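# Survey of secondary and tertiary structure
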Amino acid sequence: KKSYNFYMAKIIFITILLHLSVYANQLDTLKSIEDKALVYGSGEKKVYLFIDPWCRYSRKFVSLVSKNSQMLSKYKYYIYLYGIPRLHSTKAIAAVYQSKDPLQTLLDIMLNDNHQTALLTESTENKIDLITNVAQTLHIHKRPFIIIEK
């Protein structure tokens, strides 16, 4: 039986291959919202990551990264919360963005199954809309969606 890490590596590899052709345009678009990201890790290489806090695959990926000190020291993850409509995660996303420590709140939700919610404020709704517009421009439909800067 193949390991979980093998399958995650395969998902990452396939994602990278599928998106190399539109890389340059994507990078410019992503840089326009870099200040809206939650930043995780301290590495030199940038990884742009679109996730949904309720998505089981997003949770598995964040769990894998959080447990791997090499991944956190090699990469700096720019995390964008982009909800999958059928998972109804907007209130969880609002809880993350409106908390005093958004990254820690996200990790609590995703790794500890701590179900937090909040009502949308106008500024949070604007941030969610901006990220959603960028994700749609980049034709992002899957979560997690990963783009690694060269």
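Just above, that's the structure.
Residues numbered from 1 in each chain as written. Predicted model: local features only at pLDDT ≥ 70, side-chain atom pairs only at ≥ 80, totals over all residues. Heavy atoms only, no water.

Scanning the protein from N- to C-terminus turns up seven helices and four strands. For the protein, the sequential pattern of α-helices and β-strands runs α-α-β-β-α-α-β-α-α-α-β. Looking at the protein as a whole, 47% of its 150 residues are labelled buried. Contacts spanning at least 24 positions in sequence make up 80% of the contacts within the protein whose residues lie at least 6 apart. (Helix = DSSP H or I, 4+ residues; strand = E, 2+ residues; numbered from the N terminus. Buried < 20%, exposed > 50% of the residue type's maximum accessible area, 1.4 Å probe, protein only. Contact = heavy atoms within 4.5 Å.)

Right, let's talk about the pairing of strand β2 (residues 45–51) for a bit. In terms of burial, β2 is a largely internal element, six of the seven residues being buried. Where β2 and strand β4 (residues 145–148) come together, four bridges link them in antiparallel fashion. Each residue of the ladder has a partner; that of leucine 49, found in β4, is isoleucine 146. (Pairing = 2+ DSSP bridges.)

For the coordinates displayed, the defined rule picks out five aromatic pairs. Measuring from centroid to centroid gives 6.0 Å for tyrosine 75 and tyrosine 77, while their planes differ by 55°, and the two rings are tilted. There is no split in this pair, since tyrosine 75 and tyrosine 77 are both buried. Among the aromatic residues, ring-to-ring pairing joins Phe50, Tyr80 and Tyr82 into one connected group. (Phe/Tyr/Trp six-rings, centres within 6.5 Å; stacked < 30°, edge-to-face > 60°.)

Attention now moves to the packing of helix α5 (residues 90–98) against helix α6 (residues 102–112). In the contact formed by α5 and α6, the axes pass within 7 Å of each other and the chain directions differ by 145°. Along its contact with α5, which presents Ala92, Ala95, Val96 and Tyr97, the element α6 presents Pro102, Thr105, Leu106 and Ile109. Within the contact of α5 with α6, the residues separate by chemical class into seven nonpolar, one polar and no charged. (Axes fitted to C-alpha atoms, helices over the stretch in contact; angles between N-to-C directions. Nonpolar A, V, L, I, M, F, W, Y, C, P; charged D, E, K, R; others polar.)

This part is about the environment of isoleucine 33. With respect to the secondary-structure elements, isoleucine 33 resides in the loop between α2 (23–31) and β1 (38–40). For the pair formed by isoleucine 33 and tyrosine 78, sequence separation is 45 residues and the distance between their alpha carbons is 9.8 Å. Excluding anything up to four places from it in sequence, isoleucine 33 contacts Tyr80, Leu130, Ile131 and Val134.

A few words now on the nonpolar core. Phe50, Tyr77, Ile79, Tyr80 and Leu81 are the most contacted members of the largest nonpolar core, which has 44 residues in total. It is strand β3 (residues 75–81) that provides the largest number of residues to this core, a total of six residues. Residue contacts for tyrosine 77: discarding those within four places in its chain leaves Leu38, Val39, Tyr40, Val47, Phe61, Val65, Met71 and Leu72. (Core = buried A, V, L, I, M, F, W, Y, C linked by side-chain atoms within 4.5 Å.)

Here we come to the environment of asparagine 68. In this structure, asparagine 68 sits in the loop between α3 (56–66) and α4 (69–74). A distance of 3.0 Å separates a polar atom in the side chain of asparagine 68 from the backbone nitrogen of glutamine 70. (Polar contact = N/O pair within 3.5 Å; in protein donor to acceptor, adjacent residues only side chain to side chain.)

This part takes up the pattern of salt bridges. As enumerated under the stated definition, the model contains four salt bridges in all. Between lysine 46 and glutamate 34 there is a salt bridge, with its nearest N and O atoms 3.2 Å apart. Taken together, the residues lysine 46 in strand β2 and glutamate 34 in the loop between α2 and β1 connect sequence positions twelve residues apart. Each member of the pair, lysine 46 as well as glutamate 34, carries the same accessibility label: buried. Ionic pairing is found between aspartate 35 and lysine 36, a salt bridge with its closest N-O pair at 3.5 Å. Judged by relative accessible area, aspartate 35 falls into the exposed class, the value being 59%. (Salt bridge = Lys/Arg side-chain N within 4 Å of Asp/Glu carboxyl O.)

Attention shifts here to the sheet that holds β4. With mixed pairing, the four strands of this open sheet are ordered in space as β1-β3-β2-β4. A strand with exactly one partner marks an edge of an open sheet, and here the two such strands are β1 and β4. Across the sheet, the axes of successive neighbouring strands diverge by a mean angle of 25°, strand direction being ignored. In the sheet, β1 pairs with β3 via three bridges, with the strands oriented antiparallel. Following the sheet pairing, tyrosine 40 is matched in β3 by tyrosine 77. Contacts between α3 and the sheet are confined to β1, β2, β3 and β4, with β2 contributing the most and set at about 150° to the helix. The strands touched by α5 are β1 and β3; relative to β3, the strand with the most contacts, the crossing angle is about 130°.

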